[in-house]
Amino acid sequence: MGQGNKTAGVDALIAQVIAREGDYSDHPADRGGATRFGITETVARADGYTGPMRRLPLARAEAIYRRLYWTAPGLDRVGALAPTLAEELFDTGVNMGPGVAAGFLQRALTALNRGGRDYPDLVPDGRIGPATLAALAAFLRHRGAAGGTVLLKAVEALQGERYLTLAERRPANEAFLYGWLADRLS
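The paragraphs below set out a description of the structure included in this document. (Residues numbered from 1 in each chain as written. Predicted model: local features only at pLDDT ≥ 70, side-chain atom pairs only at ≥ 80, totals over all residues. Heavy atoms only, no water.)

## Here we look at the pattern of salt bridges
The line we're drawing: Any carboxyl oxygen of Asp or Glu that lies within 4 Å of a side-chain nitrogen of Lys or Arg is treated as forming a salt bridge with it. Three exposure classes are used, based on accessible area relative to the maximum for each residue type with a 1.4 Å probe and protein chains only: buried under 20%, partly exposed in between, and exposed over 50%.
Tallying each qualifying case throughout the model produces eight salt bridges. Notably, a salt bridge pairs Arg127 with Asp125, separated by 3.3 Å at the nearest N-O pair. The class of Asp125 is partly exposed, set by a relative accessible area of 38%. Connected through shared salt-bridge partners, Asp47, Arg60 and Arg67 make up one network.

As structure tokens, then:
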């Protein structure tokens, strides 16, 4: 996604997630329970949806993705600096939670700040606020386009490690591990 029409870019990301997640699912090994378009029943209920999950409207799912997984965690602001990174964080947030995705970014930025010489360490609080955005801007200023690629790889490495840990700690998650790795890591 380029930096052109950001709304169209977010719409495309949401469409990709919905296509990958499918319509309705209630896999017995999935702790998330019933989902439609990848939206869990817990998330739908917290958003005020009271109907059966099989009937969650597509437009409602799209709005939930835009609000809870793109705008609220600040990925629109990350996207202004590093669109490809924002796309990856969106996908990670959809699968693991926006706070986890933000924490991965914060951990990677801190590990790559050359001992605090480029910008201060971040507290991995799972929120993309002014300090995280300033660190990202400083990182990109110091490291350039190649640095953006390295940062993306660091975030993906953290994501992959978490998937493996989830499968190791709960063998039922092995049913999903291959798909998680194949679909979400470049």
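## Some details on the packing of aromatic side chains
Centre distance and the angle of the planes are the two values used to describe a pair of aromatic rings. Convention followed: Here is the rule: rings of Phe, Tyr and Trp (six-membered ring for Trp) pair when centre to centre is within 6.5 Å. Planes less than 30 degrees apart are stacked, more than 60 are edge-to-face, and the remainder are tilted. By the criteria applied, helices consist of DSSP H or I runs no shorter than four residues and strands consist of E runs no shorter than two, each listed in order from the N terminus.
Inspection of every chain in the model, using the stated rule, returns three aromatic pairs. Measuring from ring centre to ring centre gives 6.4 Å for Tyr65 and Phe90, while their planes differ by 65°; the resulting arrangement is edge-to-face. Highlighted residues: Tyr65 in helix H3 (residues 58-71) and Phe90 in helix H5 (residues 83-96), separated in sequence by 25 residues. Residue class for Tyr65 comes out buried when judged on its relative accessible area of 1%. Aromatic pair Trp70 and Phe90: ring centres 6.0 Å apart, planes at 70°, arrangement edge-to-face. With Trp70 in helix H3 and Phe90 in helix H5, this pair connects stretches of sequence that are 20 residues apart. Through pairs of rings, three or more aromatic residues link up here, namely Tyr65, Tyr69, Trp70 and Phe90.

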